[in-house]
Amino acid sequence: MSNVPGDRRYTRSHEWVRPLDDDSVEIGITDFAQKALGDLVFVEVPEAGRSVAVGDALAVVESVKAASDVYSPLEGEVLAGNESLGAQPELVNQEPYGEGWIARLKPASRKEIDSLMDAARYAEFLASQS
Amino acid sequence: MGHRTPLYEAHVERDARMVDFGGWDMPVHYGSQIEEHHAVRRDAGVFDVSHMRVVDLEGAQAQDFLRRLLANDVARLKTPGKALYSCMLRDDGGVIDDLIAYYRSAGSYRLVVNAVTADDDLAWIGRQSAGFEVSVTPRRDLAIVAVQGPQARRKAAACLDAECREAALELGVFDSQECAGQFVARTGYTGEDGFEIIMPVAQAAGFWRALVAIGVAPCGLGARDTLRLEAGMNLYGHDMDTSVTPFESGLAWTVALEGERDFIGKAALQAQLAAGVGRKLVGLILEGRGVLRAHQKVLVAGVGEGEVTSGSFSPTLERSIGLARVPAGAGDRVQVDIRGRLLNARVVKPPFVRNGKVMIEL
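Cut-offs used in this document
- Residues numbered from 1 in each chain as written.
- Chains lettered and ligands numbered in written order.
- Predicted model: local features only at pLDDT ≥ 70, side-chain atom pairs only at ≥ 80, totals over all residues.
- Helix = DSSP H or I, 4+ residues; strand = E, 2+ residues; numbered from the N terminus.
- Rg over C-alpha atoms; globule rule 2.2 N^0.38 Å.
- Buried ≥ 20, exposed ≤ 12 C-beta atoms within 10 Å, placed from the backbone.
- Contact = placed C-beta atoms within 7 Å.
- Nonpolar A, V, L, I, M, F, W, Y, C, P; charged D, E, K, R; others polar.
- Axes fitted to C-alpha atoms, helices over the stretch in contact; angles between N-to-C directions.
- Parallel < 35°, antiparallel > 145°, perpendicular 65-115°, else oblique.
- Left-handed = near helix turned anticlockwise from the far one by under 90°.
- Pairing = 2+ DSSP bridges.
- Arc of directions from axis to C-beta.
- Domains from an automatic or database assignment.
- pLDDT = per-residue confidence, 0-100.

(A) Examining the overall build of chain A more closely. Helix and strand counts for chain A stand at four helices and nine strands. Traced from its N-terminal end to its C-terminal end, chain A shows the element sequence β-β-β-α-β-β-β-β-β-α-β-α-α. At 13 Å, chain A has a C-alpha radius of gyration in line with the 14 Å of a compact globule built from 130 residues. Seen along its three principal axes, the alpha-carbon backbone of chain A occupies a region of about 35 × 35 × 25 Å. In chain A, buried positions account for 42% of the 130 residues. Looking at chain A alone, contacts between residues at least 24 apart form 63% of all its contacts between residues at least 6 apart.

(B) Representation of the interface of chain A and chain B in the model. Across the contact, seven residues belong to chain A and eleven residues belong to chain B. The class makeup of the residues in the side of chain A that touches chain B is four nonpolar, one polar and two charged.

(C) Fine view of the packing of helix H5 (residues 152-159) of chain B against helix H7 (residues 201-213) of chain B. All names here are of chain B. At a minimum axis distance of 9 Å, the contact between H5 and H7 shows a crossing angle of 125°. By the criterion of interaxial angle, the relationship of H5 to H7 is oblique. Pair H5 / H7 crosses with right-handed handedness. Of the residues in H7, those touching H5 at Lys155, Ala156 and Cys159 are Phe207, Ala210 and Leu211.

(D) Highlighting the sheet that holds strand S15 (residues 297-300) of chain B. All names here are of chain B. Taken together, six strands build a closed barrel; the order of strands is S14-S17-S16-S15-S18-S19 and the barrel is antiparallel. Taken pair by pair, the neighbouring strands of this sheet meet at an average axis angle of 40°, ignoring direction. As paired strands, strand S18 (residues 333-338) and strand S19 (residues 341-348) are joined by six bridges and run antiparallel to one another. Bridged to valine 336 within S19 is leucine 343.

(E) Representation of helix H4 (residues 118-128) of chain B within the structure. Residues and elements named next belong to chain B. Taken residue by residue, H4 has Ala118, Asp121 and Ile125 as its buried positions. Viewed end-on, H4 has its buried residues packed into an arc of 60°, placing them on one side of the element. Across from the buried face of H4, at angles greater than 90 degrees, the exposed residues are Ala123, Gly126 and Arg127. Where H4 is buried, its residues touch strand S4 (53-58), helix H3 (62-69), strand S5 (83-89), strand S6 (95-105), strand S7 (108-113) and strand S8 (135-138).

(F) Structural detail: the domain arrangement of chain B. All names here are of chain B. The assigned domain composition of chain B is domain 1 (1-275) and domain 2 (278-358). Computed over C-alpha atoms, the centres of domain 1 and domain 2 are 26 Å apart. With 20 residues of domain 1 at the contact, the number on the domain 2 side is 21 residues. Those elements that place two or more of their residues in the side of domain 1 that touches domain 2 are helix H2 (33-42) and helix H8 (221-230). Partitioned by chemical class, the residues of the side of domain 1 that touches domain 2 number five nonpolar, eight polar and seven charged.

(G) Examining the sheet that holds strand S4 (residues 40-44) of chain A more closely. All names here are of chain A. One open sheet holds the three strands; their spatial order is S4-S6-S7, and the pairing between them is antiparallel. The sheet terminates laterally at S4 and strand S7 (67-71), the two strands that pair on one side only. Recorded for the sheet is a direction-independent mean angle of 25° between the axes of neighbouring strands. Direction of pairing for strand S6 (residues 57-63) relative to S7: antiparallel, over a ladder of five bridges. Within S7, the residue paired with valine 60 across the bridge is aspartate 69.

(H) The environment of B:Glu9, seen in detail. All names here are of chain B. Along the chain, glutamate 9 falls in helix H1 (residues 8-13). Judged by the 11 C-beta atoms lying within 10 Å of it, glutamate 9 is exposed. With 196 residues separating them along the chain, glutamate 9 and alanine 205 place their C-alpha atoms 8.5 Å apart.

(I) Structural view of unusual backbone geometry. All names here are of chain B. At the junction of proline 350 and proline 351, the peptide bond is cis and its omega measures out at 10° in the coordinates. Mapping proline 351 onto the fold places it in the loop between S19 and strand S20 (353-354). You will see that phenylalanine 174, though not glycine, has its phi angle at about 60°, which is positive. Here phenylalanine 174 lies in the loop between helix H6 (162-169) and strand S10 (176-179). Taking the C-beta count within 10 Å as the criterion, phenylalanine 174 has 16 such neighbours and is therefore assigned partly exposed. Of note, alanine 180 is a non-glycine position whose phi angle comes to about 50°, a positive value. Among the secondary structure elements, alanine 180 is positioned in the loop between S10 and strand S11 (182-185).

(J) Seen up close, the pairing of S18(B). All names here are of chain B. Residues of S18 alternate between two faces, with Val334, Val336 and Ile338 buried on one and Arg333, Gln335 and Asp337 left unburied on the opposite face. With two bridges joining them, S15 and S18 adopt antiparallel strand pairing. In the strand pairing of S18, leucine 299 is matched with glutamine 335. Where S18 folds back onto S19 in an antiparallel hairpin, the turn is made up of two residues, including arginine 339, whose phi is positive at roughly 50°.

(K) Layout of the confidence of the model for chain A. Scored by pLDDT, chain A comes out at a mean of 95, with 100% of its residues at no less than 70. Highest mean pLDDT in chain A belongs to strand S3 (residues 25-29) of chain A (98); lowest belongs to helix H3 (residues 111-114) of chain A (92).

And the structure:
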């Protein structure tokens, strides 16, 4: 059973989006995704200032098994990548919703966030996959 | 649903992440394959390898037959219990499988072959044994558990029958004993000391649980792969297959060419040696961030191209290592095409790690 916190939105490619108090959002990968990947050994986070469109490869996570792209759920500008992941890629496995966040973004439109799945929908989506 | 070993329930109870491995439902890890890897290098870990196949050969011509079947020479095994590692070849010198052969007593040998190749191996062995006075018996009634690490022998011995413990601890490397229905061999696939223990299937789950209860870490196929790669040990199907010979796979040391003994593939190997072996298997350490993986292209400046055969992230070295088949003339630096970028790699002679110690210059 994987963890699906209620305070954020989700994509079908297993990214999560958490709105922050200023107008930015935090993005990461879900508990389901980190379990599927296994132990991460490298994470390439995006640089501040980069513009991304929905579906662009925002980051790359590399586990012992395989490398995977993390796709941007929103259009916007990267404010920061989580630099801690350079030395501690395992934070994504250990705290996928906390210290293992991947990037912070200033979205082009807050409205797009609402079109993403909420926790209940994502949990249903996971159940339908197995 | 794939084949299940006698330890399937035990794996599921421990929250193993189960995957299909060549038609078998096996644990890839129980939480973190990197933690399991470290447990073996530092302490002791236990692997379920019951998907591998035990094959017993009995008969007056068992030795004659194996001397024909295998590239290494079982006549080297002079004392009951002794074992050796060998390839089994086709007539053209291509590798059918790698295996360990144990000499049990006069006219009695035991082979342990790989899971994925077991059926084909048995068909081949059956055909080749025609005309020899030998019976070939696959032992699906037996399970295999490998206990590996600096504390492995001590902890495993504690779980054996009391009367068998002392003798088990006195075994030399690549030696084995049979006591109270348990076959204990001081062999392994991790580069650490330890035992591989063959027992009736009914005993396997209890034995595994006893090991875990005294602090041996359950370890899955993920850790098994990173451990064997650090130890410079080949994986059949990746580092060699029927399209290459032992000489192209870093396994010349396992071939006993000298003397009158004729074995299947000998002529082809001799021809290859005479013509010059064009490719070799080498160890690689990747410089920079990235992970070597099988099938990545290797570029050797001024010489040609090769291919990574096995690659992963080494938890002990904290960088990526691999094995690659490259032109014989390759020197000590190559480049590897990783997802469209060329990264530098250094050629090293495996093993990368043995008995917990780093064996190469970082």
